[in-house]
Amino acid sequence: MMVAIGSAQLIQFTLENIFAKNIIQNNSISVPLGISLLIVGIPVWIIHWRIIKNQININSYEELSVIRTVFIYAILAISIAILTSSTIGILQVILGTKDSAWLQTATVLPYSIIWIYHWMLSNPNESSSKSKNLVQRIYIYSACIFGLIMLSIGIGTILYSILRSGYDVIFNAPILFDNNETLLESIKEPVVSLISGALLWGSHWILFGFKDTKNRVRSLYLYLITICGGMIPITISSIALLYGLFQFILQVNTENDVIPQLPGSISSISVGLILFAYHYYVIKNIETNESTQVNSQNQLFTYLLSFIGIISFSVG
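Every value quoted in this text rests on a predicted model; they were computed, and no experiment measured them.

Novice: Would you mind showing me how to read the packing of aromatic side chains here?
Specialist: Note on aromatic pairs: each is described by the distance of the centres and the angle between the planes. Within this structure, the stated rule accounts for 13 aromatic pairs. Between the aromatic rings of Tyr73 and Tyr139, the centroid separation amounts to 5.8 Å while the plane-to-plane angle is 50°, which identifies the pairing as tilted. Highlighted residues: Tyr73 in helix α3 (residues 66–95) and Tyr139 in helix α5 (residues 130–171), separated in sequence by 66 residues. A residue is classified by how much of its surface remains accessible, and Tyr73, at 4% relative accessible area, is buried. Classification of Tyr139 by relative accessible area gives buried; the value is 6%.

And the structure:
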């Protein structure tokens, strides 16, 4: 981490002095800070990493230890989080919602190298201990979940902005955007979230998670997204949409809006349907020779829908 931060400081200073046109304040303090971090960090890492390698040479089981596995995947998680944050900053500059992202740009190279190096150390394609496989899958599917959250927020917000602007025009509702902000300006931030989430989810799910079969962590991930990201939002949004509709039909709406829940409900239902349809398709296509597992999968959705239905029915 010291090497990465020090490298980022020096790269940021170099980029600013080469490409920045207007530097209000010279960030020269980053040079001594970066050099100091590198001078201390490089020997500390090299010395202790050589000790670790010597321990592996003496005892090969050290390579499969829980502490080493947690260390590697903690570094991977920190690196991918910083790279995702850097991607967001760079995209904001490209789309014009942020003035500069020199620090975010500077972190891409060192943290990419760190991620690639530690991913190679993890040997993801080789069979290993159960604890290592468990930690590896927790990392992969956690990254997929965070990526899907960002992706869903981006898609949902874009749909909401488009539907809301159309709703305002059709029903002569108050203008949605403040300070003369256009529809294009309002969806720039959601586009950043959409692209960043797609990169995070796609890089982990398509490359690693999709090929990974027959394990409980993957099944838990699929059911969690299908239920919490699909079924539950669809149900809640449908109730909200019907609530607004019957308010309008029964003329009990105290506001001037015809159905104010319409844009938000439709956008939430659309995102929920996408998540549900894709992940349920993956679940149905899981190759298994045990018919009891298939039955239990079908029963899970059947009983959960029954539970949601009876709760909604009893409250109504």
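Back to the text.
Novice: Just to check I follow, could you spell out the nonpolar core for this structure?
Specialist: Note that soluble globular proteins tend to have their nonpolar side chains buried in a common cluster. In terms of nonpolar packing, the biggest core is built from 38 residues, with Tyr73, Leu76, Trp119, Tyr139, Leu148, Trp205 and Tyr221 touching the most fellow members. Elements that contribute at least two residues to this core include exactly α3, α4 (102–122), α5, α7 (188–209), α8 (216–249), α9 (262–284) and α10 (291–315). Tallying contributions element by element places α5 first for this core, with nine residues. Those residues in contact with Leu76 that lie beyond four places of it in its chain are Trp115, His118, Trp119 and Tyr139.

Novice: Teacher, can you tell me more about a nonpolar patch on the surface here?
Specialist: Where nonpolar side chains cluster on the molecular surface, the patch consists of Leu242, Leu245, Phe246, Phe248, Ile249, Leu250 and Val252 and spans about 670 Å² of accessible area. Relative to the helices and strands, Phe248 resides in helix α8. The exposure class of Phe248 is partly exposed, given its relative accessible area of 44%.

Novice: Mind showing me how you'd approach the environment of Met2 here?
Specialist: For Met2, the location among the structural elements is in helix α1 (residues 2–19). Contact partners of Met2, with chain neighbours within four places excluded, come to Leu37, Val40 and Gly41.

Cut-offs used in this document
- Throughout, a residue's number is its position along its own chain's written sequence, starting from 1.
- Residue-level local features of this predicted model are given only where pLDDT is at least 70; pairs of side-chain atoms are given and counted only at 80 or more, and the full residue set underlies all totals for whole chains, interfaces and linings.
- Side-chain measures here rest on the full set of heavy atoms in the structure, leaving out hydrogens and waters.
- The criterion for an aromatic pair is that two Phe, Tyr or Trp rings (for Trp, the six-membered ring) have centres within 6.5 Å, with stacked assigned to planes under 30 degrees apart, edge-to-face to planes over 60 apart and tilted to the rest.
- The helix count covers DSSP runs of H or I at least four residues long, the strand count covers runs of E at least two residues long, and both are numbered beginning at the N terminus.
- The classification of residues rests on relative accessible area computed with a 1.4 Å probe and restricted to protein chains. Under 20% of the type maximum is buried, over 50% is exposed, and intermediate values are partly exposed.
- Buried residues of nine kinds, namely Ala, Val, Leu, Ile, Met, Phe, Trp, Tyr and Cys, make up a nonpolar core once their side-chain atoms join them within 4.5 Å.
- Between two residues, a contact is recorded if the distance between any of their heavy atoms is within 4.5 Å.
- To count toward a patch, a residue needs a relative accessible area over 30% and no salt bridge; like charges are then connected within 9 Å, while nonpolar side chains (Val, Leu, Ile, Met, Phe, Trp, Tyr) are connected within 5 Å.
- Areas reported here follow the Shrake-Rupley algorithm with a probe of radius 1.4 Å; residue values treat only the protein chains shown as occluding.
- Here, a salt bridge means any Lys or Arg side-chain nitrogen found within 4 Å of an Asp or Glu carboxyl oxygen.

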